[in-house]
Amino acid sequence: MNLILLGGPGAGKGTQAKLIVSKYNIPQISTGDMLREAVAKQTELGKKAKEYMDRGELVPDEVVIGIVKERLAQPDCEKGFILDGFPRTLKQAEALDKILEELGKKIDAVINIAVPEDEIVKRIVNRRTCKKCGAVYHLIYNPPKEPGKCDKCGGELYQRDDDKEETVKERIRVYKAQTEPLIDYYSKKGLVYNVDGTKSIEGVFEEIKKILDKFA
Ligand code: ADP
Ligand code: ADP
Ligand code: ZN
């Protein structure tokens, strides 16, 4: 099962991807997580990406396309994969088509998680992320058992630099201009399944399961 999760920043892609991973046993490919890892390790890629990420802009297409191409060729993607946060531009979507064609694969479904803008802002400014394992919490909707500490690994929870309100506005603008057109791109291919992202985390996952059980 080869999936794409679409949706604005904070729509719940990462949260749902984790649930899909544990139920369907296919890997999550999150370009955001991979880029943050590179930033933390201060690799060349990380240094280059950080400037863009801090401004709420997209990292250049060639950079992310290269990362995803390498990742999709790994053996664990044989049984399927979930792309989370990629593609984000038309150019990335076209590059993905080419990569998949070369690998003899195709996308089965594009899950579009829709959440209105005011709710997106509430979700992002209250998001907290584990420094150690990347697990994601929400101060109100999905708080950790102990404040500031990850339930899964005990790591310290922090607010991503790009999750501050000023940057969020820019990310929403970028999403509308560059990523939203992909809904149309994949609709034309008959691949889009819309999900109401305003439901609870479990409620959204119920909807997604109904869609995915057709492909699993
Ligand atoms: P994305 O990967 O799309 O940026 P996340 O999965 O990180 O989004 O979710 C953004 C924030 O909203 C996190 O703090 C997460 O805990 C919270 N969240 C995710 N899904 C829901 C939901 N259905 N209802 C309420 N809060 C949610
Ligand atoms: P969110 O889902 O909250 O928007 P992500 O973790 O997916 O956050 O992305 C964080 C940042 O990483 C983006 O604002 C962007 O700078 C960069 N990024 C992630 N994925 C891509 C991509 N496919 N193309 C370009 N930049 C990306
Ligand atoms: Zn953790």
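Residues numbered from 1 in each chain as written. Chains lettered and ligands numbered in written order. Predicted model: local features only at pLDDT ≥ 70, side-chain atom pairs only at ≥ 80, totals over all residues. Heavy atoms only, no water.

**Topic: the layout of surface pockets**
Using the following cut-off: The rule is simple: put a 1 Å grid over the protein atoms alone, call a set of points where a 1.4 Å probe fits but cannot get out a cavity, call an open set with protein on both sides within 12 Å along at least five of seven lines a pocket, and count a residue as lining if it has an atom within 4 Å of a point. Grid points are joined across faces, edges and corners, and a volume is the space filled by probe spheres set on the points. Where helices and strands are cited, they refer to DSSP runs of H or I of at least four residues and of E of at least two residues respectively, numbered from the N terminus. Amino acid classes used here: Ala, Val, Leu, Ile, Met, Phe, Trp, Tyr, Cys and Pro are nonpolar; Asp, Glu, Lys and Arg are charged; the rest, including Gly, are polar.
Of the voids in this model, the second largest pocket is the one considered here, and its volume is about 550 Å³. Those elements that provide at least two residues to the lining of the second largest pocket are helix 2 (31-40), helix 3 (44-55) and strand 5 (127-130). The leading source of residues in the lining of the second largest pocket is helix 2, at 5 residues. Of the residues that constitute the lining of the second largest pocket, the class distribution is 6 nonpolar, 2 polar and 11 charged.

**What about the packing of aromatic side chains?**
Note the cut-off: Between rings of Phe, Tyr and Trp, where Trp is taken as its six-membered ring, a pair exists when centres lie within 6.5 Å; planes separated by under 30 degrees are stacked, by over 60 edge-to-face, and by other angles tilted. When accessible area is computed with a 1.4 Å probe and restricted to protein chains, residues below 20% of their type maximum are described as buried, those above 50% as exposed, and intermediate ones as partly exposed.
As enumerated under the stated definition, the model contains 2 aromatic pairs in all. With a centroid separation of 5.0 Å and 90 degrees between ring planes, the pair formed by Tyr185 and Tyr186 is classed as edge-to-face. Taking relative accessible area as the criterion, Tyr186 reaches 1% and is therefore assigned buried. Between the aromatic rings of Tyr193 and Phe215, the centroid separation amounts to 6.0 Å while the plane-to-plane angle is 85 degrees, which identifies the pairing as edge-to-face. You can see Tyr193 sitting in strand 8 (residues 192-196) and its partner Phe215 sitting in the segment after helix 9 (201-212), a full 22 residues away along the chain.

**With respect to the site of ligand 1**
Let me state the cut-off plainly: We call a residue near a molecule or strand as soon as one heavy atom of that residue lies within 4 Å of the molecule or strand. Contacts described as polar in this section are N or O atom pairs within 3.5 Å, which, within protein, must combine one atom able to donate a hydrogen with one able to accept it, while residues neighboring in sequence count only if both atoms come from side chains. For the accessible areas, the method is Shrake-Rupley and the probe is 1.4 Å, while residue cover comes only from the protein chains on display.
Close to ligand 1 lie 20 residues, the nearest being Lys13, Gly14, Thr15, Arg127 and Tyr137. Here an oxygen atom of ligand 1 and a backbone polar atom of Ala11 are 3.2 Å apart. In isolation ligand 1 offers 560 Å² of accessible surface; the protein chains occlude 93% of this area. Counted by class, the shell around ligand 1 contains 7 nonpolar, 9 polar and 4 charged residues.

**Some words on the pairing of strand 3 (residues 81-84)**
Rules: Strands pair, by our definition, only if DSSP identifies at least two bridges between them.
Side chains Phe81 and Leu83 of strand 3 all project onto a buried face; the interleaved residues Ile82 and Asp84 project onto the opposite face, where all are buried too. Note that strand 1 (residues 2-6) and strand 3 share 4 bridges and pair parallel. Following the sheet pairing, Leu3 is matched in strand 3 by Ile82. Pairing between strand 2 (residues 28-30) and strand 3: 3 bridges, direction parallel.

**Quick word on helix 3**
Using the following cut-off: The arc under discussion is defined with respect to the helix axis, by the directions toward the C-beta atoms.
By the burial criterion, the buried members of helix 3 are Gly46, Ala49 and Met53. Along the axis of helix 3, the buried residues cluster in a sector spanning 75 degrees; they form a single face. Immediately downstream of helix 3, the backbone of Gly56 shows phi near 80 degrees, a positive value.

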